[in-house]
Amino acid sequence: MIHLKPKLKESGICNRFLYEKDGERVYVPKKGFKTQDEAINECKRINSKPNQFHKVVPYRCKHCHKYHVGRNGNFIKKDI
Ligand SMILES: [Zn+2]
């Protein structure tokens, strides 16, 4: 599927696909956290947003060895 050699540059890996413009893909660099605690705090902050329905969780990145925040496919249960 991927026939290009993987880039070793850190900035080339930990990006998040944002949108496509004029046939070019626009990426934004993912936020990297040095410690899991920082990532957990960020998750709490994101998950507490009123418009946030996808639950985010911290995970250790095998590329840059920092922590990123990402969806795990679950939804936040909101008390109505
Ligand atoms: Zn990373």
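Please read all numbers here as calculations on a predicted model, not as lab measurements.

Scoring rules and cut-offs
- Residues numbered from 1 in each chain as written.
- Predicted model: local features only at pLDDT ≥ 70, side-chain atom pairs only at ≥ 80, totals over all residues.
- Helix = DSSP H or I, 4+ residues; strand = E, 2+ residues; numbered from the N terminus.
- Buried ≥ 20, exposed ≤ 12 C-beta atoms within 10 Å, placed from the backbone.
- Contact = placed C-beta atoms within 7 Å.
- Core = buried A, V, L, I, M, F, W, Y, C linked by C-beta atoms within 7 Å.
- Pairing = 2+ DSSP bridges.

Student: What should I look at first to understand the overall build of the chain in this one?
Tutor: Assigned secondary structure in the chain consists of 1 helix and 4 strands. Listing each helix as α and each strand as β along the chain from the N terminus yields β-β-α-β-β. Put simply, the chain has 80 residues, and 9% of those count as buried. Here the analysis covers contacts within the chain between residues at least 6 apart in sequence; of these, 31% occur between residues at least 24 apart.

Student: Where do I start with the environment of His-63 in this structure?
Tutor: Relative to the helices and strands, His-63 is located in the loop between β3 (54–60) and β4 (67–75). Between the alpha carbons of His-63 and Ile-13 there is a distance of 7.1 Å; along the sequence they are 50 residues apart. Those residues within four positions of His-63 in sequence are excluded, and the remaining contacts are Ile-13 and Cys-14.

Student: Before we go on, may I ask you to explain unusual backbone geometry in this structure?
Tutor: Generally, phi is negative for residues other than glycine and the peptide bonds are trans, each holding for most cases. Located in the positive-phi region is Asp-22, a residue other than glycine, with phi close to 50°. Within the secondary structure, Asp-22 is located in the loop between β1 (15–21) and β2 (24–29). Phi at His-65 is positive, roughly 60°, even though this residue is not glycine. Looking at the secondary structure, you find His-65 in the loop between β3 and β4.

Student: Please clarify how the nonpolar core should be interpreted in this entry.
Tutor: Note that soluble globular proteins tend to have their nonpolar side chains buried in a common cluster. Counting residues in hydrophobic clusters, the biggest one holds 5 residues: Phe-33, Ala-39, Val-56, Tyr-67 and Val-69. Discounting residues that sit within four places of it in the chain, Tyr-67 has contacts with Gly-32, Phe-33, Gln-36, Ala-39, Pro-58, Tyr-59, Arg-60 and Cys-61.

Student: When you look at the environment of Ile-76 in this model, what are you seeing that I'm missing?
Tutor: Checked against the element boundaries, Ile-76 lands in the segment after β4. The residues contacting Ile-76, other than those within four sequence positions of it, are Asn-47, Gln-52, Phe-53 and Lys-55.

Student: Where do I start with the pairing of β3 in this structure?
Tutor: For a regular strand, side-chain orientation follows a simple rule: the groups alternate between the two sheet faces. Bridge count between β3 and β4: 6 bridges; the pairing is antiparallel. Paired with Val-56 across the bridge in β4 is Arg-71. In textbook terms, the turn of a hairpin is the stretch between consecutive antiparallel strands, and for β3 and β4 this stretch comprises 6 residues, one of which, His-65, has a positive phi near 60°.

By themselves, these observations are geometric and do not establish any function.
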